[in-house]
Amino acid sequence: MTGAAPLRWVLATLNSGKVREFAAALEGTGIRLAAAGDLGLERFPPETGATYEENALGKAGYAAATLGRVAIADDSGLEVDALGGAPGVRSARFGGPGLTDGERIAHLLDRLKHVPMPQRTARFVSVVVVAAPSGAVATFEGRTEGVILHGPRGDDGFGYDPVFRSLDLGVTFAEATLAEKQGVSHRGRALAELRAWLAGPDAEPFLG
Ligand code: ITT
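A.B. asks: Mind showing me how you'd approach the overall build of the protein chain here?
C.D. replies: If you tally the helices and strands in the protein chain, you get five helices and six strands. For the protein chain, the α and β elements follow one another from N to C terminus as β-α-β-α-β-α-β-β-β-α-α. In summary, the protein chain has a C-alpha radius of gyration of 17 Å against a globular reference of 17 Å for 208 residues, a match within 12%. Judged by the C-alpha coordinates and their principal axes, the protein chain covers about 55 × 30 × 25 Å. Going through the 208 residues of the protein chain one by one, you find that 46% of them count as buried. In the protein chain, of all internal contacts separated by at least 6 residues, the share reaching a separation of at least 24 is 61%. Surface exposure of the protein chain reaches about 9900 Å², of which carbon and sulfur atoms provide 52%. Side-chain charges in the protein chain split into 21 positive and 25 negative, and the spacing between the mean points of these groups amounts to 3 Å.

A.B. asks: Can you help me understand the pattern of salt bridges in this one?
C.D. replies: Pairs can form between side chains of opposite charge once their charged atoms are near each other. Inspection of every chain in the model, using the stated rule, returns 14 salt bridges. In this structure, the salt-bridge partner of Lys59 is Asp75, at a minimum N-O distance of 3.0 Å. Here the residue Lys59 occupies a position in helix 2 (residues 52-67), and Asp75 occupies one in strand 3 (residues 71-80), the gap between them amounting to 16 residues. Judged by relative accessible area, Asp75 falls into the buried class, the value being 3%. Between Glu79 and Arg123 there is a salt bridge, with its nearest N and O atoms 3.9 Å apart. With a gap of 44 residues between them, Glu79 in strand 3 and Arg123 in strand 4 (residues 121-131) connect regions that are remote in the sequence. Overlapping salt bridges, with partners in common, bring together Lys18, Glu21, Asp74, Asp161, Lys181 and Arg187 in one network.

Cut-offs applied
- Per-chain numbering applies: the sequence of each chain, read as written, is numbered from 1 onward.
- Residue-level local features of this predicted model are given only where pLDDT is at least 70; pairs of side-chain atoms are given and counted only at 80 or more, and the full residue set underlies all totals for whole chains, interfaces and linings.
- Note that the side-chain values use all heavy atoms of the structure and ignore hydrogens as well as water.
- Numbering of helices and strands runs from the N terminus; a helix is a DSSP stretch of H or I covering at least four residues, while a strand is a stretch of E covering at least two.
- The globule rule is 2.2 Å times the number of residues to the power 0.38, and the radius of gyration it is compared with is taken over C-alpha atoms.
- In this scheme, a residue with accessible area under 20% of its type's maximum is buried, one over 50% is exposed, and one in between is partly exposed, where area comes from a 1.4 Å probe on protein chains only.
- Should any heavy atoms of two residues lie within 4.5 Å, those residues are considered in contact.
- In this description, accessible areas are obtained by the Shrake-Rupley approach with a 1.4 Å probe, and a residue is regarded as covered only by the protein chains that are shown.
- Positive charges are assigned to Lys and Arg, negative charges to Asp and Glu, while His and the chain termini are left out of the count.
- By convention, charge coordinates are those of NZ in Lys, CZ in Arg, CG in Asp, or CD in Glu.
- The salt bridge criterion pairs a side-chain nitrogen of Lys or Arg with a carboxyl oxygen of Asp or Glu, the two atoms within 4 Å.

Pasting the structure below:
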C-alpha cells in the first residue's frame, strides 16, 4: 500500500491496554486505527458467545455494521490448566463483574493457593477478527505459554500480565517492554499473521 492514503479501521475495544498493542502491531502497514469510542460507539453487545471467535466477531461485526466501516477486535483469555482451562472466554468477568485487574488477580491467586509451581501452567489465547460492512470476515489466532506466579511482578501491561511468566521471555508480561511482549504474546502472534495476510490478495475486500 505504499503511496496510498492510510486506511482507517475501527478498533472495537474498550480496553486501553489492547489499544496500545493493536496500534504498535499495525505500525507501518498503512492501516490506522480509530478507537470505537472516538466515533461515538461506547458499548458493545454483551459477550455471550461460547468461543473467543464468536465474541470477537460480536464486537467487530457490531462496530462494522453500526459505523459502516471495516472494524477489528480481539477476544482473548487466560486458560489455567489447574482450573480446567478457566477462566478462558470468561477472563474479563472472572470473580464477578466490576472488579479491578488487581482484584481479579487476587481472586486467581486465591483459587491457585494450594497448587504447586509445576502445575501452574497456563496460556493466553487471542482471536482477532476483522469485519467489513459487506459481511466479509477474516480471523487470526495466537497463543502463548507460561506459568502463574504466586504474586505479581512488574508494572507494565494490563489484566493478568503481572502474574503470567512467559515461557519465551522468562519474565512476566508486566516486566517485559511492549515490544518484547508483542514478539511472543498471543495477540502479537495473531496480529503478525494478520500483517502477513494484509500483503496478500485475501485482504482486498477489507482495503477498499
Ligand atoms: P474488550 O472486550 O473491550 O476488547 P476486555 O478487556 O473485556 O476488552 P476480553 O473480553 O477479550 O477483553 O477479555 C479478555 C480478558 O483477558 C481481559 O480483560 C484480561 O483480563 C485478560 N487478557 C487478555 N489478554 C491479556 C493480556 O495480553 N494480558 C493480560 N491479560 C489479558
